[in-house]
Amino acid sequence: MAMIRALQLLADRQVALVDRDAPPAPGLDEVQLRVRAVGLNHIDVWGFRGMAFAKRLYPLTVGAEACCDVVAVGANVTSVKPGDRVVPYSALTCGTCAACVRGRDNLCENVAGVRGFHIDGFAQDLTNHPARLLVKIPEGVAMRDAACVAVAYGTVEHMLFDNARLEPGESVLVHAGGSGIGSVAIGIAKSIGCTVITTVGSEDKAEKARALGADHVINYREDRFEGVVRKLTKKKGVDVVFEHTGADTWAGSLLSMKRGGRLVTCGATSGPMGSLNLMQLFQQQYRIIGSFGAPMSALARALDRIASGVRPVIDTAYGLADFRAGVDRLETRDVFGKIVLEL
Ligand SMILES: [Zn+2]
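Residues numbered from 1 in each chain as written. Predicted model: local features only at pLDDT ≥ 70, side-chain atom pairs only at ≥ 80, totals over all residues. Heavy atoms only, no water.

Engineer: Pulling in residues and values, what's your account of the sheet that holds strand 9 (residues 171–174)?
Structural biologist: An order of 11-10-9-12-13-14 is seen for the 6 strands of this open sheet, with the pairing classed as parallel. In this open sheet, the two edge strands, each paired with only one partner strand, are strand 11 (216–219) and strand 14 (287–290). The average undirected angle you get between the axes of adjacent strands in this sheet is 15 degrees. Of the strands in this sheet, strand 12 (238–243), strand 13 (257–265) and strand 14 are in contact with helix 4 (residues 149–163), which crosses strand 12 at around 150 degrees. Seen against the sheet, helix 7 (residues 225–232) touches strand 9, strand 10 (195–200), strand 11, strand 12 and strand 13 and runs at an angle of roughly 155 degrees to strand 11. (Pairing = 2+ DSSP bridges. Helix = DSSP H or I, 4+ residues; strand = E, 2+ residues; numbered from the N terminus. Axes fitted to C-alpha atoms, helices over the stretch in contact; angles between N-to-C directions. Contact = heavy atoms within 4.5 Å.)

As structure tokens, then:
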């Protein structure tokens, strides 16, 4: 039996590059993928640390976000062929529940697990995957960029458009503009003609955020961002707040919104608790929207957007064995943009 490399968690906080058996030939409705690159996200940090509530068994191949070449297809597969480049959808959705049928994949009622978190992920040379859970990569998209779509870029696409209904010309506050998703949000919002205010934690990152097109950059270590936002918007506030930092920014985010503004959130990296003044909520007619993952339609739009030139920012590309360095870099917040592992 041929052997392949796999980057596996052996226990909490213990990762190793191991040799394992290559997967069998793909099943009737499956494809076999050669993994080209894997993007790192906070889900990898959680997975690496270990989470008490996550039902899973070690060893577990890491990697929830990937781009791949199709190398073989099962007998029933007509949607892709060997040689096609694809982004695999990370969650093994059922394809038959009401949410799946409506194209709301990330609301599937029968998810069999998220790859790289509950079940073996993509950080291995070859892997099999259901053919219906693939999005084709269009011409002109670099593999390194496509590696940022399944989780990061797709999440931002879904947050800004499906959920917050961001329109050209609106103003948006993007928290942590140097993060993987923050940097993508800046790029997308600028590309459709929005005014972007973003927060960063250092002067070095402020420069990079400006280079990315941010109109106003606030160093949250020096200024209270909500005060600056109110000043910049002549006390009106912004149309949309892009939240993912949670506890540290929640109260300020609510104060940064225009009447009728929308807050969309997909994370709580600084802590999960925040309070909400219900008078403020209804009097200001705020809309607060939780967002998690993205449907496959958002991944396809994300790839088209990258093909049109709105590329993700890559902070660092490591080799497969350097997962630990990548996770450490993600945790230190020195990062500006995405970290990818190339196989
Ligand atoms: Zn389903």
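Structure shown, so let's carry the discussion forward.
Engineer: Break down the pairing of strand 11 for me, citing the residues and quoting the values.
Structural biologist: Here strand 10 pairs with strand 11 via 4 bridges, running parallel. Bridging across to strand 11, Thr-198 finds its partner in Val-217.

Engineer: How would you summarise the coordination of the zinc ion if you had to cite specific residues and measurements?
Structural biologist: The zinc ion binds to the protein through Cys-94 (SG), Cys-97 (SG), Cys-100 (SG) and Cys-108 (SG), with metal-donor distances spanning 2.3 to 2.4 Å. Each of the 4 donor atoms bound to the zinc ion contributes to angles spanning 102 to 119 degrees, and the resulting shape is tetrahedral. (Donors = N, O, S within 2.8 Å, 3.2 Å for Na, K, Ca; no water. Tetrahedral: all angles 85-135°; square planar, octahedral: opposite > 155°, others 65-115°.)

Engineer: Tell me about helix 11 (residues 323–332), and please be specific about residues and values.
Structural biologist: Where helix 11 is concerned, the buried positions are Phe-323, Gly-326, Val-327 and Leu-330. For helix 11, the angular spread of buried residues about the axis comes to 95 degrees, placing them on one side. Looking at the buried residues of helix 11, the elements they touch are strand 1 (3–11), strand 2 (14–21), helix 1 (42–49), strand 15 (314–319) and strand 16 (338–342). Positive backbone phi, at 65 degrees, marks Arg-333, one or two positions downstream of helix 11. (Buried < 20%, exposed > 50% of the residue type's maximum accessible area, 1.4 Å probe, protein only. Arc of directions from axis to C-beta.)

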